[in-house]
Amino acid sequence: PATVATATAERKTWRPAISATGSLEAVRGVEVVPDVSGQVVDIAFASGDEVKQGQALVRLRSEEARAELKSLRAQRDQAKSQFQRDQRLYQQGNQSEAQLDQSRARFQELNAEIERQQAHIAKKTVRAPFAGRLGLREVQLGAYVEPGTPLVTLQDLTPLHVTFSLPERRLPDIAREQPIEVRVDAYPDRVFKGEITAINPKVEVATRQIRVQGTLPNEAEKLRPGMFARVSVIQPAQENVVTLPQTAIVNQPYGDMVYVVTPSPEGGGPRRVKQQFVTTGARRGTQVAITKGLDGGEDVVSAGQIKLRNNAPVRVDNSVQPQNTATAAPKEP
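None of the values given here were measured: they were computed from a predicted structure.

K.L.:
What am I meant to see in the overall build of the chain here?
P.N.:
Helix and strand counts for the chain come out as two helices and 22 strands. Over its C-alpha trace the chain gives a radius of gyration of 35 Å, far above what one expects of a compact globule, namely 20 Å for 333 residues. With the principal axes as the frame, the chain shows a C-alpha extent of 130 × 45 × 30 Å. Here the chain holds 333 residues, and the buried ones make up 35% of them.

K.L.:
Is there a simple way to explain the environment of Thr207 in this structure?
P.N.:
Note on placement: Thr207 falls in the loop between strand 12 (187-204) and strand 13 (209-216). Residues Thr207 and Pro179, 28 residues apart in the sequence, show an inter-C-alpha distance of 25 Å.

K.L.:
I would appreciate a short explanation of the packing of helix 1 (residues 63-91) against helix 2 (residues 97-122) in the present structure.
P.N.:
If you want to describe how two helices pack, look at the angle between their axes and the distance between the axes. Remark: helix 1 packs on helix 2, axes separated minimally by 8 Å, with the N-to-C direction vectors making an angle of 160°. What the angle tells us is that helix 1 and helix 2 run roughly antiparallel. In this structure, the crossing between helix 1 and helix 2 has a hand that is left-handed. Across the contact of helix 1 with helix 2, the residue classes break down as 11 nonpolar, nine polar and 10 charged.

K.L.:
How should I be thinking about the sheet that holds strand 6 (residues 56-60) in this particular structure?
P.N.:
What links the strands of a sheet is backbone hydrogen bonding, and the strands pair in either a parallel or an antiparallel sense. Overall, antiparallel pairing links the four strands, which are arranged 7-6-4-9 in an open sheet. Strand pairing shows two members of the sheet lacking a second neighbour, strand 7 (125-127) and strand 9 (144-145), which therefore form its edges. Of the strand pairs in this sheet, strand 6 and strand 7 are connected by three bridges, and their pairing is antiparallel. Bridged to Arg59 within strand 7 is Thr125.

K.L.:
Sorry, what's going on with unusual backbone geometry here?
P.N.:
With the exception of glycine, most residues fall at negative phi, and the peptide bonds are largely trans. With an omega dihedral of 0°, the bond running from Thr158 to Pro159 counts as a cis peptide bond. Topologically, Pro159 is positioned in strand 10 (residues 152-167). Its identity is not glycine, yet Glu177 carries a phi of approximately 70°, on the positive side. For Glu177, the position within the fold is in the loop between strand 10 and strand 11 (179-184). What makes Glu177 exposed here is its relative accessible area of 62%. Its identity is not glycine, yet Asn218 carries a phi of approximately 55°, on the positive side.

Rules and cut-offs
- Residues numbered from 1 in each chain as written.
- Predicted model: local features only at pLDDT ≥ 70, side-chain atom pairs only at ≥ 80, totals over all residues.
- Heavy atoms only, no water.
- Helix = DSSP H or I, 4+ residues; strand = E, 2+ residues; numbered from the N terminus.
- Rg over C-alpha atoms; globule rule 2.2 N^0.38 Å.
- Buried < 20%, exposed > 50% of the residue type's maximum accessible area, 1.4 Å probe, protein only.
- Axes fitted to C-alpha atoms, helices over the stretch in contact; angles between N-to-C directions.
- Parallel < 35°, antiparallel > 145°, perpendicular 65-115°, else oblique.
- Left-handed = near helix turned anticlockwise from the far one by under 90°.
- Nonpolar A, V, L, I, M, F, W, Y, C, P; charged D, E, K, R; others polar.
- Pairing = 2+ DSSP bridges.

In structure tokens, the structure reads:
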């Protein structure tokens, strides 16, 4: 008799789910760049640092701009004195209104120039626009940078978005705040739970699919933007289905089948197998749902089918079993 491993066809309650693939994205993620040109004189961060909103990251040379600011303030003080003098003379009737307007305009113009110069100096310090984690540093001390030069990437990892697409026929089956489960290759045995937070109001004409966005808490920061994600949109209804390990299914050109092991004969002798055609349904982890062909409780060959035929004798050895779980993805060899 051939040696086989068996698994019992079990009835389980499964919540139906819609499967899709997508990508993880940061809720907030940017390339930090300067708004003005200048030479880098200070780098106040290290690659991978956690930073707070408004924290200074890079400082550019600003001595010339500060000297210009001092010059403008001196001119403003002189213009203010001239304006006040013209006001007194105008009130005494010894100054024309046109001259007073001219000195007032000069004073206001210098105030505006000072504000512009202060804003320019403030831009010489590049700050974090929001709290998050920095990536790898892309600038060196002493380098001359132009506006828009990438300095470092900043990502807010808590929470994360997962973006995926579904066929338009699935639109009635999804809604905001509907639970989702996400799996990634980096953690094949873990399930990350979240919910749908946005559904695109427009169906893509080219693909007839609708884009959906979910949100994952990611409090442990295990997930990273850009990861490939397998998404399951959990449906509210529940189904009572018969499940088997996926390894139990024998794919044939004329349909899927399994080998059911018959009970031991009363007079002794080896147990035998019987071919049974089945209809498979959804797959979860390493399990598959059987929608037709089994009632539950049958012993089915889960490994060793390659040498079997109908009514063949078998010896059952379950010391080594294939994976049989609805939550874990198959492990890589």
